[in-house]
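Chain and residue survey
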Amino acid sequence: MAATTKKTVAVEDVNVTFEDQQKINKFARNTNRMTELKDEIEAKKKSLQNLEDASDDLMMCEDDDLLIPYQIGDVFISHSQEETQEMLEAAKEALKDEIKALEGRVSSIQGVLGDLKVQLYAKFGNNINLEADES
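Below, the structure is looked at part by part. (Residues numbered from 1 in each chain as written. Predicted model: local features only at pLDDT ≥ 70, side-chain atom pairs only at ≥ 80, totals over all residues. Heavy atoms only, no water.)

Observations concerning helix H2 (residues 81-124)
- Over its 44 residues, H2 runs 62 Å from end to end, which matches the ideal 64 Å to within 8%, given 1.5 Å per residue.
- At the C-terminal side of H2, glycine 125 shows a positive phi close to 60°. (Helix = DSSP H or I, 4+ residues; strand = E, 2+ residues; numbered from the N terminus. Expected span 1.5 Å × (residues − 1).)

Structure, rendered in structure tokens:
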């Protein structure tokens, strides 16, 4: 008869040094910042979609002489259809550039988080959980 042995996993007592705590804090700050940036990207993508919808609606307009109100800040200014279309295109390009820049920042933060995960898991193993909660 074969005997089975059960492995018991003991939680090790690992001393947390000041440097380790700094790394953990840096990980938490970067995780929060990345979440904020992702939320900002989503908001900008919604704004971009709204601009694209407005541009499509403007193209369907048959009256070329009609003045189109365009919001700048809190004020609406009437422009020709062509001018409004140009302004919408410029706004869409600016938003695309902002989204690209934010995605670049998220990518760099993910690199930093990856490095910190390697260092912290190497020291603490299963005693630390650095995975994001999916809620």
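Here the narrative resumes, following the displayed structure.
A closer look at the pattern of salt bridges
- One pass over the structure, following the stated rule, counts seven salt bridges.
- Of the charged contacts, one joins aspartate 20 and lysine 123 as a salt bridge, the two residues approaching to 2.6 Å between their closest N and O atoms. With aspartate 20 in helix H1 (residues 18-60) and lysine 123 in helix H2, this pair connects stretches of sequence that are 103 residues apart.
- The exposure class assigned to aspartate 20 is buried, which follows from its relative accessible area of 6%.
- For glutamate 103, the salt bridge is made with lysine 45, and the minimal N-O distance between the two is 3.7 Å. (Salt bridge = Lys/Arg side-chain N within 4 Å of Asp/Glu carboxyl O. Buried < 20%, exposed > 50% of the residue type's maximum accessible area, 1.4 Å probe, protein only.)

Regarding the layout of surface pockets
- Here the second largest pocket defines a volume of roughly 170 Å³.
- Along its surface, the second largest pocket is lined by Ala54, Leu58, Ile68, Pro69, Tyr70, Gln71, Phe76, Thr84 and Leu88.
- Listed by contribution, the elements that provide at least two residues to the lining of the second largest pocket are H1, strand S1 (68-72) and H2.
- No other element matches the four residues that S1 contributes to the lining of the second largest pocket.
- Classifying every residue of the lining of the second largest pocket by side-chain character gives seven nonpolar, two polar and no charged. (1 Å grid on protein atoms, 1.4 Å probe; cavity = no way out; pocket = protein on both sides within 12 Å on 5 of 7 lines; lining within 4 Å. Points joined across faces, edges and corners; volume = space filled by probe spheres on them. Nonpolar A, V, L, I, M, F, W, Y, C, P; charged D, E, K, R; others polar.)

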